[in-house]
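Descriptive analysis of the structure
Each chain, written out:
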Amino acid sequence: FQLGNASWQITQVVAGTVRVRDAHGAPPTIPFWLGEAPGRSDELSAAVSRLRGEMAAHLATDPAGERALRWLVDEIGIGAPAAEQLVEYLAAAHAALECLPTHDTIVLERFFDEVGGMQLVVHSPFGSRINRAWGLALRKRFCRKFNFELQAAATEDNIVLSLTTAHSFELSEVTRYLHSATVRPILVQAMLDAPMFVTRWRWVIGIALALPRFRGGRKVPPQLARMGAEDLIAAVFPDQIACAENLVGEREVPDHPLVRQTIGDCLHEAMDIAGLERLLSRIEAGEIRVVACDLTEPSPLAVEVLGARPYAYLDDAPLEERRTQAVMTRRWLSPEQASELGRLDAEAIARVRAEAWPDAANPDELHDAMLWLGFVTAAEARAGPGWNDWLSALARDKRAALLDAPGGGLWITAERLPQFRALWPTARLDPPITAPAASPSPGRQEAEGGEVAWSREAALAEILRGRLEGSGPVAQDALDACLGLTPSEVAAALFALEAEGFAMRGRFTPEAAAEEWCERRLLARIHHYTVKRLRAEIEPVAARDFLRFLLGWQRLAPDARMQGPEAVDVVVGQLEGFEAPAGAWETELLPARLVDYEPQWLDDRCLAGQIAWTRLRPRTMRGNGEARLTPVRTTPITLLMRRHAAFWGSLSPQAESAQPSPRAQAVVECIRRHGASFFDELVEGTGLLRSQLEEGLAELVALGLVSSDSFGGLRALLVPSAERRPFPGAHRRRRTAPHGMEAAGRWALARRSGAHPTGEPERKAFAQASVEHVAHTLLRRYGVVFWRLIEREAAWVPPWRDLLRVYRRLESRGEIRGGRFVAGFSGEQFALPEAVGMLREARRQQPSGDFISLSGADPLNLVGILTPGPRLAALTGNRLLYRDGVPVALLAAGEVELLETLEAADEWQARKALLRAGPTLSADREPAASGKVAASTP
């Protein structure tokens with residue numbers, strides 16, 4: 001491919017990563033224009049339709065989906081996780097649309113987008129070949145009917161047409177826009193403007209050897225081949241690329257073999273014109289049921305086509321210019337929430353009605369309001385504060401009068417008098433008034449003796465236009481009553497306003513008994529208020545503000561660190577289940593969060609049975625079946641609350657049993673015979689030397705087979721007995737850390753999963769409880785959780801799809817908040833209620849300039865995940881430096897890498913913070929004795 005003036009060659013595509021190298025000027029071979037994607041077969045489309053039909057039958061009698069889930073798992077043989085996702089998806093769609101689209105039921109869905117336009121989605125599971133043809137023909141019909149080009153896309157199950165404010169029509173009429181007898185010529189004309197014709201033309205002329213592939217012994221570059229294709233089509237089909245101003249009527253397709261072949265390929269390969277004609281014939285015969293739905297938001301089935309890929313586009317507008325990008329979709333919908341999509345909020349309707357109705361403060365403002373409102377009934381005049389007096393004043397000035405209409409008295413202005421005279425020429429006026437010589441009223445009119453003459457139909461349409469502008473949703477019966485006209489007359493005027501895109505009809509008010517009419521602008525505002533209330537989301541913060549929040553949330557900020565033995569449970573509760581090297585827990589992670597951390601605090605909590613340490617990662621094996629051992633300091637260790645050990649053990653991956661060495665096997669056999677044993681008992685029971693026993697225990701810890709009551713046992717194994725010194729930092733308080741094996745307590749075999757239930761229902765309930773516990777733990781750890789944030793979590797953390805179900809249930813119960821909290825990351829996000837307030841506060845905080853240094857093994861080593869740039873390996877010796885939530889420097893393999901350009905003094909301070917491996921230095925660079933340097937690590 002070509003980028004600028006350079007050519008590049010793709011060498012590898014792995015897991016979404018594309019690797020390229022310089023092509024040294026070789027011409028590109030990858031086309032840079034839009035291509036096509038193969039459509040699914042008719043048999044597969046029929047199978048999809050049958051599945052939806054069966055699911056609709058189950059959901060009609062059991063909206064919760066329990067019967068459908070059992071049917072999918074027991075009879076169809078779909079795995080339980082996939083079946084649960086399918087039932088949730090289709091149950092929400094069924095609740096929103098009140099049916100599921102099949103080969104016998106087509107659903108038309110319409111909703112407003114964020115800019116006031118509308119999106120029309122046709123749900124037709126007939127495959128992309130038929131949907132392309134139907135979408136292109138509909139697009140052409142809309143263009144001719146409304147004189148406005150629109151964007152369209154088609155997938156295997158949907159068609160989307162991006163409407164504008166110029167499109168207003170009854171939704172059920174869309175299926176009658178095309179007829180099976182006349183759709184073919186319309187599709188041919190529509191296809192000529194579609195990208196597929198140009199693509200197929202290049203293919204046909206290439207196969208026919210009408211375009212040279214090589215010139216001068218070298219392959220013709222794609223961009224030059226494209227130009228040659230345009231030159232050739234200009235010679236055989238000039239109208240295809242002719243200037244639109246010089247075209248009159250439809251394009252005349254020449255009888256040329258290359259053109260015939262291209263059109264045939266488009267109609268019968270890229271599309272299925274015969275299938276479309278059969279589909280339209282079935283609709284005309286009434287064999288297919290058509291369901292029309294006006295919704296406040298897109299249904300779950302519509303989300304697919306709104307985010308369709310470029311190969312699904314039926315026009316040449318690029319992705320960034322698609323009107324579908326203006327649609328804000330809900331993160332997830334339960335069936336109960338989806339059933340509310342077709343209902344507008346009653347409070348939003350009342351609010352819009354109050355905003356639309358004039359709020360005059362004096363006679364002049366009332367006169368101006370009546371100019372666009374059209375008229376005010378006598379009852380409305382009495383209800384308005386001071387309106388009767390102001391209308392009397394306007395009547396005395398001959399600016400307004402009371403018209404004796406068949407439906408009752410109507411107050412009108414002199415400027416509107418010609419329109420009402422067109423309806424009632426002999427109606428009495430009190431007082432008599434005359435219209436100004438030049439009327440600003442729009443409409444069909446002609447000058448007669450200085451006055452404006454209106455036709456009866458145009459006058460009634462203009463009067464109703466003003467009335468709809470100030471009324472909000474209103475039933476036709478109400479308009480008939482206040483004007484005293486026949487329903488057929490009022491309906492004809494309303495249809496005229498609908499045809500020009502001004503008014504829309506439907507049942508907008510909850511529990512409305514009859515069809516209502518509403519001005520399009522006011523209806524769009526009602527939809528906006530409804531959606532805004534349903535979302536109720538806070539403004540998302542930037543990634544740097546989120547990182548500042550995390551530094552405080554996880555007790556790493558200088559003013560957020562905790563102190564005292566009681567704080568150990570809080571910190572371990574946040575870090576529960578996180579995997580870090582054994583040597584990092586007491587040198588980096590815990591001291592960074594606890595002021596003056598003492599190892600005895602953790603030992604006491606372990607001996608009290610509150611906290612446990614273990615290795616959950618399965619042991620890796622060599623090719624010969626032997627265990628691949630790692631040093632104890634780098635062994636991945638996890639701290640847990642002991643009462644939750646069964647949950648984590650059940651989620652940890654199970655691997656092939658490791659074969660310890662004979663020395664370690666002797667220790668295992670001794671513990672199995674005598675149970676949990678102290679170190680001296682193991683020396684006596686195994687007959688090993690103390691140093692040999694320590695080596696055996698170190699091997700078993702690395703394999704994840706044993707653990708001790710106290711963290712002191714692991715601490716003693718981290719440093720050889722000959723090199724044991726006081727705990728780092730202990731010289732300040734004249735104490736030594738308990739490094740001896742005697743302080744380890746008893747050694748026991750690690751229990752991987754605890755006591756599990758035996759019955760199938762009990763096992764499912766336990767597995768569900770385990771996933772829920774992990775979901776709650778991640779919320780405690782990060783405050784806000786989304787899929788990108790858990791990339792560094794260990795393998796035993798459940799997949800995001802399983803966590804998603806838990807978070808959605810918690811959100812439905814009101815325990816957590818769902819929304820968009822951190823900008824720049826796709827997918828659903830969930831937060832604890834208390835975290836939302838702290839997140840807002842972090843956004844308002846002024847930058848402090850403090851440097852915060854932490855280890856690469858820390859959970860907040862999120863560089864390259866939440867921020868751009870390279871990732872830092874999760875090793876204890878690597879370090880990361882944050883400044884106001886922005887990573888500014890890394891220390892890896894003894895080398896400092898600056899990620900931000902710093903001033904000389906700040907750069908020196910950053911390097912000092914990294915190389916000192918611990919302190920958090922404030923921006924003023926005062927010494928630690930001043931109290932402005934808080935130690936984040938010892």
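Residues numbered from 1 in each chain as written. Predicted model: local features only at pLDDT ≥ 70, side-chain atom pairs only at ≥ 80, totals over all residues. Heavy atoms only, no water.

Considerations on the packing of aromatic side chains
Put simply, the test is: In this analysis, rings of Phe, Tyr and Trp, with Trp reduced to its six-membered ring, are considered paired at centre separations within 6.5 Å, and the interplanar angle assigns stacked below 30 degrees, edge-to-face beyond 60, and tilted for intermediate values. Helix and strand definitions here come from DSSP, where helices need a minimum of 4 consecutive H or I residues and strands a minimum of 2 consecutive E residues; each element is numbered from the N-terminal end. The buried label applies to any residue whose accessible area, calculated with a 1.4 Å probe on protein chains only, is under 20% of its type's maximum; exposed applies above 50%, and partly exposed to all values in between. The rule is short: NZ of Lys or CZ of Arg within 6 Å of the ring centre and within 35 degrees of the ring normal puts a charge over the ring.
Using the criterion set out here, one finds 16 aromatic pairs in the structure. A centroid spacing of 6.2 Å and a plane angle of 90 degrees characterise the contact between Phe375 and Phe420, whose relative ring orientation is edge-to-face. Here Phe375 is found in the loop between α13 (363-373) and β11 (376-377), whereas its partner Phe420 is found in helix α16 (residues 417-423), with 45 residues between them in sequence. Residue classification places Phe420 among the buried positions, given a relative accessible area of 1%. Measuring from centroid to centroid gives 6.0 Å for Trp800 and Tyr807, while their planes differ by 50 degrees, and the two rings are tilted. A residue is classified by how much of its surface remains accessible, and Trp800, at 18% relative accessible area, is buried. Looking at Tyr807, the relative accessible area reads 0%, which means it is buried. Following the ring pairs from residue to residue traces out a cluster consisting of Phe546, Phe549, Trp553, Phe786 and Phe825. Over the ring of Tyr313 we find Arg322; its NZ or CZ atom is 3.8 Å from the centre of that ring. Note that Arg465 overlies the ring of Phe502, its terminal NZ or CZ placed 4.9 Å from the centroid.

Notes on unusual backbone geometry
Looking along the chain, the bond that leaves Asp430 and enters Pro431 is cis, with omega of -5 degrees. Not every positive phi belongs to a glycine, and Arg555 is a case in point at roughly 65 degrees. As for its position among the elements, Arg555 is in the loop between α21 (543-553) and β20 (562-563). Assessed through its relative accessible area of 26%, Arg555 is described here as partly exposed.

Overview of the sheet that holds β11
Hydrogen bonds along the backbone pair up the strands of a sheet, which may run parallel or antiparallel. As a reminder, the rule being used: Strands are treated as partners if at least two bridges between them are detected by DSSP. By definition, residues are in contact when any of their heavy atoms lie within 4.5 Å. For helices, the fitted line uses only the C-alpha atoms of the stretch in contact; every axis is such a line through C-alpha atoms, and the angle between N-to-C directions lies from 0 to 180 degrees.
If you walk across this open sheet you meet the four strands as β11-β13-β12-β14, and the pairing is antiparallel. With one partner strand each, in any of the chains shown, β11 and β14 (429-430) form the two edges of the open sheet. In the sheet, strand β12 (residues 400-405) pairs with strand β13 (residues 408-413) via six bridges, with the strands oriented antiparallel. Looking at β13, one finds that Ala405 is bridged to Gly408. Running over the sheet, α13 touches β11 and β13 and is turned about 110 degrees from β13.

Take it as geometry only, folks, not as evidence of what the structure does.
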